[in-house]
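What the coordinates show
Now for the letters of each chain:
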Amino acid sequence: SIDDPPGGIYPAGYGVHAAPIAAGLRRLGVQATAHRGEGRAWLQVHVAAGEPVMVWATAGLGKSEIVQWETGDGRLVSGVPTEHTFTVVGYDEEGLWLNDPWDGSTRKHSWERFERAWALMEQQAVVIASPRR
């Protein structure tokens, strides 16, 4: 619910992952693809090509843990408290710059810190294809 506190976990709210976001964007005519399990080199290729990449990690790239709960129909679901998304806007050898929709900031983070937080969310990403010129 929109009224739940930020960073919550079921039953007090939770976010949405890459696949449903990409599907919703495609319904709006945006060439979006969801990815999972990718790595640094893959991310760098898309950012270098000028393609917006939305990534799933933890708020502030902080430490968290994977938790599980059972849905009403008996399925086991995994989630990460403080799930958050960012848009990758640049990188160099030491790290990458992330736009944070929470406060509109752009900050540089080390690759190590980013990759640890991104791994908790199974390296999820949504890529928006560059328009053909």
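Residues numbered from 1 in each chain as written. Predicted model: local features only at pLDDT ≥ 70, side-chain atom pairs only at ≥ 80, totals over all residues. Heavy atoms only, no water.

1. Structural notes on the overall build of the protein
- The helix and strand tally for the protein stands at 3 helices and 8 strands.
- In sequence order, the secondary structure elements of the protein are arranged as α-β-α-β-β-β-β-β-β-α-β.
- Taken against the 2.2 N^0.38 rule, which gives 14 Å for 133 residues, the C-alpha radius of gyration of the protein at 15 Å falls within 12% of a compact globule.
- The C-alpha extent of the protein, read off along each of the three principal axes, is 45 × 35 × 25 Å.
- The buried share among the 133 residues of the protein stands at 34%.
- When contacts within the protein are restricted to residue pairs at least 6 apart in sequence, long-range pairs at least 24 apart make up 60% of them.
- In the form shown here, the protein has an accessible surface area of approximately 7900 Å², with 54% of it arising from carbon and sulfur atoms.
- Once the 12 positive and 16 negative side-chain charges of the protein are each reduced to a mean point, those two points are 5 Å apart. (Helix = DSSP H or I, 4+ residues; strand = E, 2+ residues; numbered from the N terminus. Rg over C-alpha atoms; globule rule 2.2 N^0.38 Å. Buried < 20%, exposed > 50% of the residue type's maximum accessible area, 1.4 Å probe, protein only. Contact = heavy atoms within 4.5 Å. Areas by Shrake-Rupley, 256 points an atom, 1.4 Å probe, with all protein chains shown as cover. Lys, Arg positive; Asp, Glu negative; His and termini not counted. Charge placed at Lys NZ, Arg CZ, Asp CG, Glu CD.)

2. Things to note about the pattern of salt bridges
- Counting across every chain of the model gives 5 salt bridges.
- Arginine 36 is the salt-bridge partner of glutamate 122, the closest N and O atoms lying 2.1 Å from each other. Of the two residues, glutamate 122 sits in the loop between α3 (111-120) and β8 (125-128) while arginine 36 sits in the loop between β1 (32-35) and α2 (40-48), which places them 86 residues apart along the sequence.
- Residue arginine 36 is classed as partly exposed on the basis of its relative accessible area, which comes to 45%.
- The residue arginine 107 makes a salt bridge to aspartate 103 at a minimum N-O spacing of 3.3 Å. (Salt bridge = Lys/Arg side-chain N within 4 Å of Asp/Glu carboxyl O.)

3. Observations regarding α3
- Those residues of α3 that fall on the buried side of the exposure criterion are Trp111, Phe114, Ala117, Trp118 and Leu120.
- In this fold, the buried residues of α3 make contact with α2, β2 (53-58), β5 (83-91), β6 (95-100) and β7 (105-110).
- Once α3 ends, the next one or two residues include glutamate 122, with phi positive near 60°.

4. Re the layout of surface pockets
- Size it by volume and the largest pocket reaches roughly 520 Å³.
- Around the largest pocket, the lining is made up of 25 residues, and of these Pro6, Gly7, Glu83, His84 and Trp102 lie nearest the centre.
- Here the lining of the largest pocket gets 3 residues from one element, more than from any other, and that element is β5.
- Split by residue class, the lining of the largest pocket holds 13 nonpolar, 9 polar and 3 charged. (1 Å grid on protein atoms, 1.4 Å probe; cavity = no way out; pocket = protein on both sides within 12 Å on 5 of 7 lines; lining within 4 Å. Points joined across faces, edges and corners; volume = space filled by probe spheres on them. Nonpolar A, V, L, I, M, F, W, Y, C, P; charged D, E, K, R; others polar.)

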